[in-house]
Amino acid sequence: STVTTLFLQHATLAEPHHFDLSRRDRFPSGEDQDNIVAGVAVWRTQPGKYYGLRAKIGVWAHPNQKHSQESGASISVGGKFGPMLLSQVEAGFHVFPDLYNNSDVRFFTFWTRDGYRSTGCYNLKCSGFIPAKGAALVPGQAVGPPSTYDGEDHHITISLHTDPNTGNWVLYQDDLERPSFLGHFPKDLCPELNGVAPQVLFAGFATYPRNDRGPAMGSGHFPVEGERKAAYFKNMKIFDSNASAHDPIPSIMVPLMNRPDCYKLGDIPLGVKDSYLFYYG
């Protein structure tokens, strides 16, 4: 079956350079993928050489989300591989009732090497991501409690970067007493991402049938509402080839909103205690 493709062009390049940010996996229930559309609110880097990224991601629940909808937030590394194709490895948190048959917030991983056409999968549904033994988070695991509007703030910090010794893309949870290794994507899983990536992305996303009303993204509130009300990415970091984390250089960050009437993206200010951050939703 075909996967709906949403081609998004980089205005910063002389030559058209396309990335597919639509979602994603064929729906388990057999939903016609050609009928699925995606809304995204993304800060991404301009094309270059990148070795990974880290972010503190606010966790939000969507208990009333419809079965055929997905909503979530993720960090990912991606690159062009052939005309208008995308290699990508990704990790984050989402609500996807069609995949899990409930509305729990779940930790997830995903990968593809051909723009979601015929390769890749969520979690452990195919070979690809290799979980660590005794990992603190396992792909598909429910997480909680979620944040509440103007109330409790709950978040999880994750990082995805290359291992300088192996070139594999390693995944960590970074908000525990010490970084906890969650597993890795082998470096040869996606040829375009063999030890280095052309781009990294901090993304909020929502997918839904074309003629349906889109689900809430993040908290379901626009980024202008700010702290404890809008969803966020905080402590944004980008890794170098030695696996050292650095603040992103604001001038290399590019915003992307393909449905700004529905889903918006805030600026990236330097927070007092949260380094570089942005709100979205």
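The structure reproduced in this document is the subject of the present report. This structure is a prediction, so every number in the text was calculated from the model and none was measured. (Residues numbered from 1 in each chain as written. Predicted model: local features only at pLDDT ≥ 70, side-chain atom pairs only at ≥ 80, totals over all residues. Heavy atoms only, no water.)

1. A word on the overall build of the chain
When helices and strands are tallied, the chain shows one helix and 19 strands. Counting every position in the chain, which comprises 281 residues, the buried fraction comes to 56%. Considering only contacts in the chain between residues 6 or more positions apart, those separated by 24 or more positions represent 68%. Entry remark: accessible area of the chain is about 11,800 Å², with carbon and sulfur atoms responsible for 50%. (Helix = DSSP H or I, 4+ residues; strand = E, 2+ residues; numbered from the N terminus. Buried < 20%, exposed > 50% of the residue type's maximum accessible area, 1.4 Å probe, protein only. Contact = heavy atoms within 4.5 Å. Areas by Shrake-Rupley, 256 points an atom, 1.4 Å probe, with all protein chains shown as cover.)

2. Notes on the packing of aromatic side chains
Enumeration over the complete set of coordinates arrives at twelve aromatic pairs. Geometrically, the ring pair formed by Phe93 and Phe107 is tilted, given 5.7 Å between the ring centres and 50° between the ring planes. Here Phe107 lies in strand E7 (residues 106-112) and Phe93 lies in strand E6 (residues 86-95), a separation of 14 residues in the sequence. Per residue, the accessibility class of Phe93 equals that of Phe107, and both read buried. (Phe/Tyr/Trp six-rings, centres within 6.5 Å; stacked < 30°, edge-to-face > 60°.)

3. Focus on the state of the cysteines
Chemically, a disulfide is nothing more than a covalent bond linking the sulfur atoms of two cysteines. Counting across every chain of the model gives one disulfide. Disulfide partner of Cys121: Cys126, at an S-S distance of 2.1 Å. On the sign convention where negative means left-handed, the S-S torsion of about -95° between Cys121 and Cys126 marks this disulfide as left-handed. Judged by its relative accessible area of 4%, Cys121 is buried. (Disulfide = S-S within 2.5 Å.)

4. Observations regarding unusual backbone geometry
Residues apart from glycine generally show negative phi values, whereas peptide bonds are mostly found in trans. Following Gly144, the chain continues into Pro145 via a peptide bond in cis, with omega recorded as 0°. Here Pro145 lies in the loop between strand E9 (130-131) and strand E10 (155-162). Notably, Asp150 is not glycine yet its phi reads approximately 60°, a positive angle. For Asp150, a relative accessible area of 38% corresponds to the partly exposed category. A positive phi angle is found at Ser275, which is not glycine, with a value near 55°. If you trace the backbone, Ser275 turns up in strand E18 (residues 275-276). Look at Ser275 and you get buried, because its relative accessible area is 11%.

That's the geometry; what it means functionally is another story.
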